[in-house]
Amino acid sequence: AKLRILDKIYGTSEELEVFDQKGVEYDSISILLKSCFYQNKNILSDAVASVTINDKRRDSAPFFGWMSSTQSHLSYYDNYRYSLWLLSCSMSDQE
């Protein structure tokens, strides 16, 4: 999956590539992609992903849930420093 993370303190954004069942660390945030789905005919269309996000600096509960690329206002991760949302699913060489 391709995700965008916004650092609200420094005003910077970055795109991250996360693969199924693989974790990615970004500063204090750890992201685990459980699965990502898209319509077969158009990989850039609406995508949904199941993710788990933990912030190692906070005692807050981790985020477990679904994110949508077209309904990002309903399903994105937001904490004191970072906002994170799904852009699209990625195809690997094995698909």
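Up top is the structure these notes are about.
Residues numbered from 1 in each chain as written. Predicted model: local features only at pLDDT ≥ 70, side-chain atom pairs only at ≥ 80, totals over all residues. Heavy atoms only, no water.

Focus: the side chain of D7
So, point 1. Assignment of secondary structure puts D7 in strand β1 (residues 2–7).
So, point 2. The exposure class assigned to D7 is buried, which follows from its relative accessible area of 6%.
So, point 3. Reaching out from D7, the side chain makes a polar contact with the backbone nitrogen of Y10 at a distance of 3.1 Å.
So, point 4. For D7, the side chain forms a polar contact with the side chain of R81, separated by 2.8 Å.
So, point 5. Once you skip the residues sitting within four places of it in the chain, D7 turns out to touch T12, R81 and Y82. (Helix = DSSP H or I, 4+ residues; strand = E, 2+ residues; numbered from the N terminus. Buried < 20%, exposed > 50% of the residue type's maximum accessible area, 1.4 Å probe, protein only. Polar contact = N/O pair within 3.5 Å; in protein donor to acceptor, adjacent residues only side chain to side chain. Contact = heavy atoms within 4.5 Å.)

Describing the state of the cysteines
So, point 1. Counted by the stated rule, this structure contains one disulfide.
So, point 2. Each disulfide pairs two cysteine sulfurs, and for C36 the partner residue is C89, the sulfurs being separated by 1.9 Å. With the S-S bond torsion at -95 degrees, the cross-link from C36 to C89 turns out left-handed. Residue C36 is located in strand β4 (residues 29–38), and its partner C89 is located in the segment after β8 (82–88); the two are separated by 53 residues in the primary sequence. Side by side, C36 and C89 carry an identical accessibility label, which is buried. (Disulfide = S-S within 2.5 Å.)

Some remarks on the packing of aromatic side chains
So, point 1. Inspection of the entire model under this criterion finds three aromatic pairs.
So, point 2. With a centroid separation of 5.7 Å and an interplanar angle of 80 degrees, the aromatic rings of Y26 and Y82 are classed as edge-to-face. One end of the pair, Y26, is in strand β3 (residues 23–26); the other, Y82, is in strand β8, with 56 residues separating them in the sequence. (Phe/Tyr/Trp six-rings, centres within 6.5 Å; stacked < 30°, edge-to-face > 60°.)

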